[in-house]
Amino acid sequence: MTARRVQNQPAWLLHHRPFRDTSRILDVLSRDYGRLSLVARGSRSAKSKLKGVLRPFMPLQLSWVIRGDLGTLTGAEMDGGPISLNGDSLLSAFYLNELLLNLLHRHDPQPEIFSAYHATIIELNGQHSVATALRRFEMELLRLLGYALNLDHDTESGDELDPGRIYEYRVERGPVPANNPDGPLVFTGAELIAVAREDFSDASTLRDANRLLRHVIAWHLNGKELKSRKVLKELRRGAATADTGPVIQ
Amino acid sequence: MPGVGRKSAQRIAFHLLERDRNGADELSRALSDAVKGIGHCVHCRMLTEYDACNICSASGRDSKLLCAVESPADVMAVEDATGYKGLYFVLMGHLSPLDGIGPDELGMPALEARLRDGNVEELIIATNPTVEGDATAHYLADLAGKHEVQASRIAHGVPLGGELEYVDGGTLSHAFFGRRVVD
């Protein structure tokens, strides 16, 4: 198998773990080569110049050589100014990374997902609502993966959603008329239409989107619990941070 | 073992078996005693063979200052380098949401109890300048704020004697944004 050399590829570091005494294994989301793992040799040594650069939530340009599944990092530089996430933004960004690590296949180029992730990190870095940024990213991610939510028609009759009617959202199909107004995935037509518009300035629409997306994403994860979700719940229980809404439930 | 590769391990093993069997015996006893006898300090979670570590039981330490660090090695580093006379809290790691390491794994309930009892006036956060260390620092600062304890974080940036030209971009930008007024 011939080695492939990639130079100065825009990328984000999603996760990293120690490898041997002084190295790390990086999980990376690159623009043109998708998600992949790279060994960053010597990057934990005292003299390594990469320690300040190889950080999650920092736009990077990476170079590597790859033969098979695991590549070797040959260079890393910052790509643009630093991003400094704080508090809820930082903790929520870990959730985004875990979502990508679980939902993206390796070596499957997804430049649009790369752009959506980039835009969301920039948004989290600004003064925007963290919960809104997360919900928009989740909806966009599902759409780009081919699992777009159906929020415009009744999948039984094919008719447009009736704002006054009650529907149960079935993950693998979409909304179907329901008689019982209770249930984790029961919404009014108006609520589903509002979620489709992504106008999350209304707190109740944001709550509906959160409820819907939590179930849909759990279904696509095949019941696997996200570790970051568990940790974030513990953190929000312990810290004094004002509860600004359902960022991640 | 960290720092010992296959070759070094082989050399150590041959040396002990061929030239220093008494030393090998002593080493094995020391290791066995350490494993059996060393636990965590009930106050700060530092490694110790007693209930409370040397630092927590020493008189003359300032109990109004509490420094949170990630590992026992960090306690030794701060002790050796700074002349700090307060107490410590060793987290034994940092928040790592992707690895499922949350506040409970880091002994945060014990730390919160110490902040709550009203004796601590300043929490010095000395977590590493990594993204995970930053997340831990934010959480600790929130916790301190909740109990009206002042929180500070150690500075990070250009190393002493370093030259800006050779400092990596991430470190330099951190140093730049963390600049302070010259008195």
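Whatever comes next refers back to the structure up there.
Residues numbered from 1 in each chain as written. Chains lettered and ligands numbered in written order. Predicted model: local features only at pLDDT ≥ 70, side-chain atom pairs only at ≥ 80, totals over all residues. Heavy atoms only, no water.

Draft legend 1. Focus on the packing of aromatic side chains. Residues and elements named next belong to chain A. A full pass over the atoms with the stated rule returns five aromatic pairs over all chains. Relative to Tyr-117, the ring of Trp-12 has its centre 5.4 Å away and its plane inclined at 80°; by these criteria the two rings are edge-to-face. One end of the pair, Trp-12, is in strand S1 (residues 4-19); the other, Tyr-117, is in helix H2 (residues 111-125), and 105 residues separate them in sequence. Across the pair, Tyr-117 and Trp-12 agree in class, each one buried. Consider the rings of Phe-57 and Phe-94, whose centres lie 5.3 Å apart with planes at 85°: the pair is edge-to-face. Here Phe-94 lies in helix H1 (residues 87-103) and Phe-57 lies in the loop between strand S3 (34-40) and strand S4 (60-66), a separation of 37 residues in the sequence. Grouped by ring-pair contacts, the aromatic residues Trp-12, Tyr-117 and Phe-137 constitute a single cluster. (Phe/Tyr/Trp six-rings, centres within 6.5 Å; stacked < 30°, edge-to-face > 60°. Helix = DSSP H or I, 4+ residues; strand = E, 2+ residues; numbered from the N terminus. Buried < 20%, exposed > 50% of the residue type's maximum accessible area, 1.4 Å probe, protein only.)

Draft legend 2. Quick peek at the interface of chain A and chain B. Taken residue by residue, the interface counts 33 residues in chain A and 33 residues in chain B. When the buried surface of chain A facing chain B is broken down by residue, A:Arg55, A:Phe94 and A:Leu235 rank first, second and third, together holding 21% of it. On the surface where chain A and chain B come into contact, there are two salt bridges. When the shortest N-O distance is used, the salt bridge between B:Asp134 and A:Arg55 registers 3.0 Å. On inspection of chain A and its partner chain B, the count reaches eight residue pairs in polar contact (both at pLDDT 80 or more). The set of elements that each furnish at least two residues to the side of chain A that touches chain B consists of S1, H1 and helix H6 (227-238) of chain A. Top contributing element to the side of chain A that touches chain B by residue count: H6(A), with eight residues. (Contact = heavy atoms within 4.5 Å. Buried area = accessible area lost by both parts, 1.4 Å probe. Salt bridge = Lys/Arg side-chain N within 4 Å of Asp/Glu carboxyl O. Polar contact = N/O pair within 3.5 Å; in protein donor to acceptor, adjacent residues only side chain to side chain.)

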